[in-house]
Amino acid sequence: MPPRPRARIHTFVDENKTRGLLMAAASCPASAVSTNRRTLAGLLMPGQRRIHFQKESPARQRKILAAITELDTATNLYATPRADVESRRRCLTAIVRDAARTGERLVVERDESTLDFDRQTLYRAVRIYDCVETLQYALLAPHLDPLLWIPDAVVWAWAKGGEWREQVRESCTTRPV
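So, a few notes on the structure that sits alongside this text. (Residues numbered from 1 in each chain as written. Predicted model: local features only at pLDDT ≥ 70, side-chain atom pairs only at ≥ 80, totals over all residues. Heavy atoms only, no water.)

Quick word on the overall build of the protein
Along its length, the protein carries six helices and six strands. Order of helices (α) and strands (β) in the protein, N terminus to C terminus: β-β-α-α-β-α-β-α-β-α-α-β. Against the 2.2 N^0.38 benchmark of 16 Å for 177 residues, the protein shows a C-alpha radius of gyration of 16 Å, consistent with a compact globule. By its C-alpha atoms, the protein is 45 × 40 × 30 Å across when sized along the principal axes. The proportion of buried residues among the 177 residues of the protein is 49%. Accessible surface computed for the protein: about 9500 Å², of which carbon and sulfur atoms make up 50%. (Helix = DSSP H or I, 4+ residues; strand = E, 2+ residues; numbered from the N terminus. Rg over C-alpha atoms; globule rule 2.2 N^0.38 Å. Buried < 20%, exposed > 50% of the residue type's maximum accessible area, 1.4 Å probe, protein only. Areas by Shrake-Rupley, 256 points an atom, 1.4 Å probe, with all protein chains shown as cover.)

Next up, the structure:
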């Protein structure tokens, strides 16, 4: 029997530092990337370059979350009690660990204050988990890929709690760091 084809998954990462560090890694099959991008871009208001979830009105937030929950995505959540560099390293490394087997592309929302650190951490992690040849990674500004808006929205909703968390709970899994 021939080997099964490797699943091709794209993962998009953003964070929340409200109470410690919470990173969301939203994954979708490569075959759904274009459709999901079009859906999200269709949610932009006139003159908007990107969706930044916390800056949206509650009605828009509900609409965006409803659209996200209909997409072919799943989100892993990685939490640490502190938002320091060691916690960031642990979360990013765990994200690579979980993407190593099936991941094709990993996109982390670019943060200029941690850019060099994130590059070094990802460089090391793909070597630790032996996915240098199979997992490409990039650090991008959020307006460059609409799929970065998914972890932005989900991590905000999860951190906010209550009804917001309930809207995304079904598509989220907490992962060890």
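Examining the layout of surface pockets
The computed volume of the largest pocket comes to approximately 230 Å³. When residues of the lining of the largest pocket are traced back to their parent elements, those giving at least two are β1 (9-16) and α5 (149-160). Across the lining of the largest pocket, the residue classes break down as three nonpolar, four polar and nine charged. (1 Å grid on protein atoms, 1.4 Å probe; cavity = no way out; pocket = protein on both sides within 12 Å on 5 of 7 lines; lining within 4 Å. Points joined across faces, edges and corners; volume = space filled by probe spheres on them. Nonpolar A, V, L, I, M, F, W, Y, C, P; charged D, E, K, R; others polar.)

A few points about the pattern of salt bridges
Applying the stated criterion across every chain, the model contains 16 salt bridges. Its salt-bridge partner being D145, residue R105 comes within 3.8 Å of it at the nearest N-O pair. You can see R105 sitting in strand β4 (residues 103-109) and its partner D145 sitting in the loop between β5 (136-140) and α5, a full 40 residues away along the chain. Connected through salt bridges with shared partners, the residues E15, K17, R88, D111 and D118 form a single ionic network. (Salt bridge = Lys/Arg side-chain N within 4 Å of Asp/Glu carboxyl O.)

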